[in-house]
Amino acid sequence: MKAQMLFVCNNCNKPLPKWMGKCPGCGEWGTVAEKTVAPKGALFRIGEDAEGAAIRPITDIETDEKPRTKTGMQELDRVLGGGLVRRSLALVGGDPGIGKSTLLMQALARVAESGERALYISGEESAEQLKLRADRLGIRSPNFLALVENELETILNYIDQSDCSVIVLDSVQAVYSKHIESLAGGVQQIRHVAGKILEYIKRSQAACFLVGHVTKEGVLAGPQLLTHMVDTVLHFEGERNHPYRILRALKNRFGSVSEIGVFEMGEHGLNEVNNPSEFFLSERPSNVSGSVVTALVEGSRPILAEVQALVTGPTPGQGRRTCLGIDPQRVALALAVIEKKLGIALFDYDIFLNAVGGVKATAPAVDLAIVAAVLSSFRDVPFPAQSLIFGEIGLSGEVRSVSRASARINEAMRLGFSRIILPKANINVAVPQDVTLVSVSRLDELMEAAFDVGS
């Protein structure tokens, strides 16, 4: 069957009968273009051949004795759910220059050092450029193989000959198939390339990382189908001007999506941060207003983070609200409860909130920390030293319990916090005599517990 020409939206991949200035599917302007569409059924197939495709009880399906391959980087293995699952395909995205290639080269180097063969395929850099990065990262293992190629059919031939356990393709947007009549990076090319890689991986014993570009909005470029095809979607994020990097799982068929891995970019590559709490609190100022420490839970790991607030004003008209790393909806809820239940008018004050270190403090347990930081800055009174706070706030001003309170408390005690303000429903936790638990059930009780004043 011959390929056919259709009009397709480059943003949402919606097929259209004719060209349109505005896509009726996603509402974007100027995204509809004429595309060459491969014939139906020609994308990829992952079914087994011959008798292997027969229907059988799930209890009769055999599994590998070694289902996961350790990358040797604990933070990466944690996000993956314990290591790379064989026959799996993972998509890694992030801003340009954030360190995606560095992370994956270091992971492949650890795999190669363990005796497994690893292959790094670059469609964007020359062999000399790869060698320069490898020298900077200290990669010396002969099991680390490199290939510079961007034609899909040639890549698949080399992969078949290499017998590697882990493969990295950098990047999926740079690879093209000679059977698709469009430029590399287009919707049809990305979908076809990813489909053929997936078809190969599912029939092999290898695991594969695909590096993906992101758009200016911060989402993975290419058709949305790409994220549905792969088994795992990882996002590598951070600020170029700061050394910290955070790896998050946005999708994971073999593990939790709430785990994070923390890295620090150094002169010779990425260093794992095995104790994120100390890392995020290392530069916290002492005895200043608007600074509060709270306890988050990311997957199985409790993490302490600093929440900062700056309240200035009053100003003419409605005050500004700026949030970095904190859910603006939770901030709006907290400010509304402060005004209603504590009688403190903040509508004409500029309020800036920041979760320091690149942490995403969006869980309900950060509510009390938001309120405490705002009140501390508003009154210009420092939050008590060696104190930590967590809890959820309801619309009527009540303080609700949060999950895994004991894990949060243990992490706080490990880092030397001796006074913990928490919901009354979470008070039943055994602690040493030198640690004080202060329970609050209503927002007005927080004023007395944190600042020694009534509402």
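Conventions we followed
- Residue numbers run consecutively from 1 along every chain, following the written order of its sequence.
- Totals for whole chains, interfaces and linings use every residue, but because this is a predicted model, local features are given only for residues with pLDDT of at least 70 and side-chain atom pairs only at 80 or more, for both listing and counting.
- Only hydrogens and water are set aside; all other atoms, that is, all heavy atoms of the structure, feed into the side-chain values.
- Per the convention used, a helix needs a DSSP run of H or I reaching at least four residues, while a strand needs a run of E reaching at least two, with both numbered from the N terminus.
- Contacts are assigned to residue pairs that have any heavy atoms within 4.5 Å of one another.
- Using a 1.4 Å probe, accessible areas were evaluated by the Shrake-Rupley method; residue-level cover was limited to the displayed protein chains.
- By the counting scheme adopted, Arg and Lys are positive, Glu and Asp are negative, and His together with the chain ends is not counted.
- Each charge is placed at NZ for Lys, CZ for Arg, CG for Asp and CD for Glu.
- What makes a nonpolar core is a set of buried Ala, Val, Leu, Ile, Met, Phe, Trp, Tyr and Cys residues whose side-chain atoms join them at distances within 4.5 Å.
- Relative accessibility under 20% of the residue-type maximum defines a buried residue, over 50% an exposed one, and the middle range a partly exposed one, all with a 1.4 Å probe and only protein chains included.
- Strands are labelled as partners when DSSP assigns at least two bridges between them.
- Axis lines are fitted to C-alpha atoms, over the contacting stretch for helices. Their N-to-C directions set the angle, which ranges from 0 to 180 degrees.
- A pairing counts as a salt bridge when a side-chain nitrogen of Lys or Arg comes within 4 Å of a carboxyl oxygen of Asp or Glu.
- The span you would expect from a helix comes to 1.5 Å times its residue count less one.
- Between the rings of Phe, Tyr and Trp (Trp by its six-membered ring), a pair exists once the centres lie within 6.5 Å; its type follows the angle of the planes, with under 30 degrees stacked, over 60 edge-to-face, and the other angles tilted.
- Whether a charge sits over a ring depends on NZ of Lys or CZ of Arg being within 6 Å of the ring centre and within 35 degrees of the ring normal.
- Each angle gets one of four labels, with under 35 degrees taken as roughly parallel, over 145 as roughly antiparallel, 65 to 115 as roughly perpendicular, and the rest as oblique.
- The crossing is said to be left-handed when, going from far helix to near helix, the turn is anticlockwise and less than a right angle, and right-handed when the turn is clockwise.
- In this classification, the charged set is Asp, Glu, Lys and Arg, the nonpolar set is Ala, Val, Leu, Ile, Met, Phe, Trp, Tyr, Cys and Pro, and all remaining amino acids, among them Gly, are polar.

(A) View of the overall build of the protein. For the protein, the count of helices and strands is eleven helices and 23 strands. Projected onto its principal axes, the C-alpha coordinates of the protein cover approximately 75 × 55 × 50 Å. Residue pairs at least 24 apart in sequence account for 67% of intrachain contacts in the protein once pairs closer than 6 positions are excluded. Approximately 21,600 Å² of the protein is accessible, and the part contributed by carbon and sulfur atoms is 50%. Of the side chains in the protein, 48 bear a positive and 52 a negative charge, and the two mean positions are spaced by 4 Å.

(B) Broad picture of unusual backbone geometry. A cis amide bond, omega 5°, links D170 with the succeeding residue S171. In this structure, S171 sits in the loop between β9 (166-170) and α5 (187-202). The residue D163 is not glycine, and still its phi comes out positive at about 55°. The topology assignment puts D163 in the loop between α4 (152-162) and β9.

(C) A look at the nonpolar core. Core analysis: the biggest nonpolar cluster contains 51 residues, and I338, L353, V374, I389, I421 and L443 have the highest contact counts within it. In terms of residue count, helix α9 (residues 367-379) provides more of this core than any other element does, eight residues in total. Judged by nonpolar contacts, the second largest core, of 34 residues, contains V92, M105, V111 and I139.

(D) Structural view of the sheet that holds β9. Sheet architecture is open: nine strands sit in the order β8-β7-β9-β10-β6-β11-β12-β13-β14, paired in mixed fashion. Two strands bound the open sheet, and with one partner strand each, they are β8 (144-148) and β14 (269-272). Mean inter-strand twist for the sheet, computed between neighbouring axes without regard to direction, equals 25°. Where strand β7 (residues 118-122) lies against β8, five bridges are found, and the strand directions are parallel. Pairing of S122 across the sheet is with V148, part of β8. Here α4 sits on the sheet in contact with β7, β8 and β9, set at roughly 165° to β7.

(E) Just the pattern of salt bridges, in detail. Scanning the entire structure with this criterion turns up 15 salt bridges. Of the charged contacts, one joins D444 and R442 as a salt bridge, the two residues approaching to 3.2 Å between their closest N and O atoms. Via salt bridges that share partners, K131, D135 and R140 belong to a single interconnected network.

(F) A look at α9. For α9, spanning 13 residues, the distance from its first C-alpha to its last is 18 Å, which sits close to the expected 18 Å at 1.5 Å a residue. Across the 13 residues that make up α9, a large majority, eleven, are buried. Among all positions of α9, only D367, L368, A369, I370, V371, A372, A373, V374, L375, S376 and S377 are buried. Within two residues after α9, D380 carries a phi angle of roughly 55°, on the positive side.

(G) A look at the packing of aromatic side chains. Enumeration over the complete set of coordinates arrives at four aromatic pairs. On the numbers, 6.0 Å between centres and 75° between planes, the contact of F236 with F263 is edge-to-face. One end of the pair, F236, is in strand β11 (residues 232-237); the other, F263, is in strand β13 (residues 260-266), and 27 residues separate them in sequence. Since its relative accessible area comes to 0%, F263 is described here as buried. If you follow R408 out to its NZ or CZ, it ends over the ring of F390, 5.7 Å from the centre.

(H) Representation of the packing of helix α2 (residues 100-113) against helix α3 (residues 127-137) within the structure. Taken N-terminus to C-terminus, the directions of α2 and α3 make an angle of 65°; their axes are 11 Å apart at the nearest point. In terms of their interaxial angle, α2 and α3 are classed as roughly perpendicular. Note that α2 runs across α3; the crossing there is right-handed. From α2, S101, T102, M105 and Q106 reach across to α3, where they touch L130, R133, A134, R136 and L137. Broken down by class, the residue content of the contact of α2 with α3 amounts to four nonpolar, three polar and two charged.

(I) Quick peek at the packing of α4 against α5. Orientation of α4 relative to α5, taken along the N-to-C sense of each, is 15°, at an axis distance of 11 Å. Judged by the inter-axis angle, α4 sits roughly parallel to α5. At the point where α4 passes α5, the crossing takes the right-handed sense. Seen from α4, the contacting residues are L152, L156, I159 and D160; seen from α5, they are H192, V193, K196, I197 and Y200. When the residues that make up the contact of α4 with α5 are grouped by side-chain class, the tally is six nonpolar, one polar and two charged.

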